Amino acid sequence: NVHRVSSTSDICKIKNGKVHYNKAVLFGGLTFANEHNQKIPNVSKNVRKLIKRYGWMYLEGSRREINNISKIIEDKINTQLYTDFAGSESTFKSLSYEAPDILHIATHGFYFTYEETQGIQYYQTNYNVDEYLPAMKRAGLVFSGGHDSWNKPTSNINNDGILTAEEISGMNLENVDLLVLSACQTGCGLATSEGIIGLPKAFKLAGVNTIIMSLWDVDDMATEMMMTTFYKNLFEGYSKKEAFTKAINDVKEWNSNPYYWAAFIMLE
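Treat the numbers as computed from the prediction; the structure is a model and nothing was measured.

Conventions used here
- Residues numbered from 1 in each chain as written.
- Predicted model: local features only at pLDDT ≥ 70, side-chain atom pairs only at ≥ 80, totals over all residues.
- Heavy atoms only, no water.
- Helix = DSSP H or I, 4+ residues; strand = E, 2+ residues; numbered from the N terminus.
- Buried < 20%, exposed > 50% of the residue type's maximum accessible area, 1.4 Å probe, protein only.
- Contact = heavy atoms within 4.5 Å.
- Areas by Shrake-Rupley, 256 points an atom, 1.4 Å probe, with all protein chains shown as cover.
- Pairing = 2+ DSSP bridges.
- Axes fitted to C-alpha atoms, helices over the stretch in contact; angles between N-to-C directions.
- Core = buried A, V, L, I, M, F, W, Y, C linked by side-chain atoms within 4.5 Å.
- Salt bridge = Lys/Arg side-chain N within 4 Å of Asp/Glu carboxyl O.
- Left-handed = near helix turned anticlockwise from the far one by under 90°.
- Nonpolar A, V, L, I, M, F, W, Y, C, P; charged D, E, K, R; others polar.

> Help me out: how do you make sense of the overall build of the chain in this one?
Secondary structure assignment for the chain yields twelve helices and eleven strands. Taken over 268 residues, the chain has a buried fraction of 52%. Intrachain contacts of the chain at a sequence separation of at least 6 include 78% that bridge at least 24 residues. As presented, the chain carries roughly 12300 Å² of accessible surface, and 48% of it is formed by carbon and sulfur atoms.

> Just to check I follow, could you spell out the sheet that holds strand E6 (residues 162–164) for this structure?
Sheet strands pair via backbone hydrogen bonds, and the direction of the pair is either parallel or antiparallel. With antiparallel pairing, three strands are arranged side by side in an open sheet as E4-E5-E6. Each edge of the open sheet is held by one strand with a lone partner, namely strand E4 (109–111) and E6. Geometrically, the sheet is characterised by an average inter-axis angle of 25° between neighbouring strands, direction not taken into account. Note that strand E5 (residues 139–142) and E6 share three bridges and pair antiparallel. By the bridge assignment, Val 142 is partnered in E6 with Ile 162.

> I tried to follow the sheet that holds strand E7 (residues 178–182) on my own but got confused; where do I start?
The six strands are arranged E2-E1-E3-E7-E10-E11 in an open sheet whose pairing can be described as mixed. The open sheet terminates on both sides in strands that have one partner only, identified here as strand E2 (78–84) and strand E11 (264–267). Averaged over all adjacent pairs, the angle separating strand axes in this sheet is 10°, with direction ignored. Across four bridges, strand E10 (residues 210–214) lies against E11 in antiparallel orientation. Across the sheet, the residue bridging to Ile 211 is Leu 267, located in E11. Most of the contacts of helix H2 (residues 60–73) go to strand E1 (residues 23–30), to which it runs at about 155°, and overall it touches E1, E2, strand E3 (102–106) and E7. Against the sheet, helix H9 (residues 199–206) makes contact with E7, E10 and E11, and its axis sits at roughly 165° relative to E10, the strand it touches most.

> It is not clear to me how the nonpolar core should be interpreted in this structure. Could you clarify?
Buried together is how nonpolar side chains tend to be arranged in soluble globular proteins. One finds Phe 92 and Phe 203 to be the most contacted residues of the largest nonpolar core, which totals 47 residues. Not counting chain neighbours up to four residues away, the residues in contact with Phe 203 comprise Phe 92, Leu 141, Ile 168, Leu 173, Leu 179, Leu 181, Val 208 and Ile 211. Counting 29 residues, the second-largest nonpolar core is a separate cluster that includes Met 226, Met 227, Tyr 231 and Ala 247.

> Please clarify how the pattern of salt bridges should be interpreted in this entry.
When the charged atoms of two side chains with opposite charge come close together, those side chains can pair. Here the structure, examined in full by the defined rule, presents eight salt bridges. In this structure, the salt-bridge partner of Glu 89 is Lys 93, at a minimum N-O distance of 3.0 Å. Here Glu 89 and its partner Lys 93 are both found in helix H3 (residues 89–93), four residues apart, which amounts to about one turn of the helix. Since its relative accessible area comes to 0%, Glu 89 is described here as buried. What makes Lys 93 partly exposed here is its relative accessible area of 26%. If you follow the salt bridges from partner to partner, you end up with Glu 89, Lys 93 and Glu 167 in one network.

> Looking at this model, I keep getting lost on the packing of helix H10 (residues 220–234) against helix H11 (residues 240–254). Mind explaining?
Relative orientation of the contacting elements H10 and H11 amounts to 145°, with a least axis distance of 8 Å. Crossing angle aside, the handedness with which H10 passes H11 is right-handed. Facing Met 221, Ala 222, Met 225, Met 226, Thr 229, Phe 230, Asn 233 and Leu 234 of H10, the residues of H11 in contact are Lys 240, Ala 243, Phe 244, Lys 246, Ala 247, Ile 248, Asp 250, Val 251 and Trp 254. Residues of the contact of H10 with H11, tallied by class, amount to twelve nonpolar, two polar and three charged.

> What is the right way to read the pairing of E10 from this model?
Remember that side chains alternate between the two faces of the sheet whenever the strand is regular. Most of E10 sits inside the fold, with five of its five residues counted as buried. Of the two faces of E10, both are covered, the one formed by Thr 210, Ile 212 and Ser 214 as well as the one formed by Ile 211 and Met 213. Pairing between E7 and E10: three bridges, direction parallel. Looking at the pairing, Val 180 lines up with Ile 212 of E10.

Given below as structure tokens:
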């Protein structure tokens, strides 16, 4: 029963009791391109290579996911959903200083090595790639309109649908007790003596307490199952850790292959 913490000092802060929640904000079913059902061709190929070349595809399962979660929690706490073009980068940034207790983001997540950014149009257009690009600029989340910005120049990089870890680290999300990053590779980053530099560090700097994230490109069905089961357990009275462990075990019973369940981790 492993507890992951971002600092040894956090060992003293771990609490397994139930937390009382008042408000949840959920992002999902986001429209990344003007063509709502834009798809990446040949999806059986390496996902990272396809994203670098084509951009970000619509995630149909993410809409079902937040709708299912909403049905579980909406009669218990104030629940707000952002979908389609409403789930923009500016909408997310507006949560700074007014963040909910629970923040759930079902979208694309990414972390690219410095070498990988050399072949990505977005970085070639918006950054000086001749200089070393810090890891906090190479990790992030994709919001509404992110596909269009990824593939062509944008006039406003601060609201282009590509939210970098660097931008997140400057926000105030201290009120968020539980952040769920239902996206691929959200737990990845640059490994240093100071820990993993990427989305986990960014959200911790912003003040988030507990983070659920993934370490690789996760299966849509497994993700949907894990997330809905987690919230069901959480609002039945289990602690965050207990609800998470039980949800992982349910996915494991569905498919014992670690690919489907081992990607999900909880950072306290």
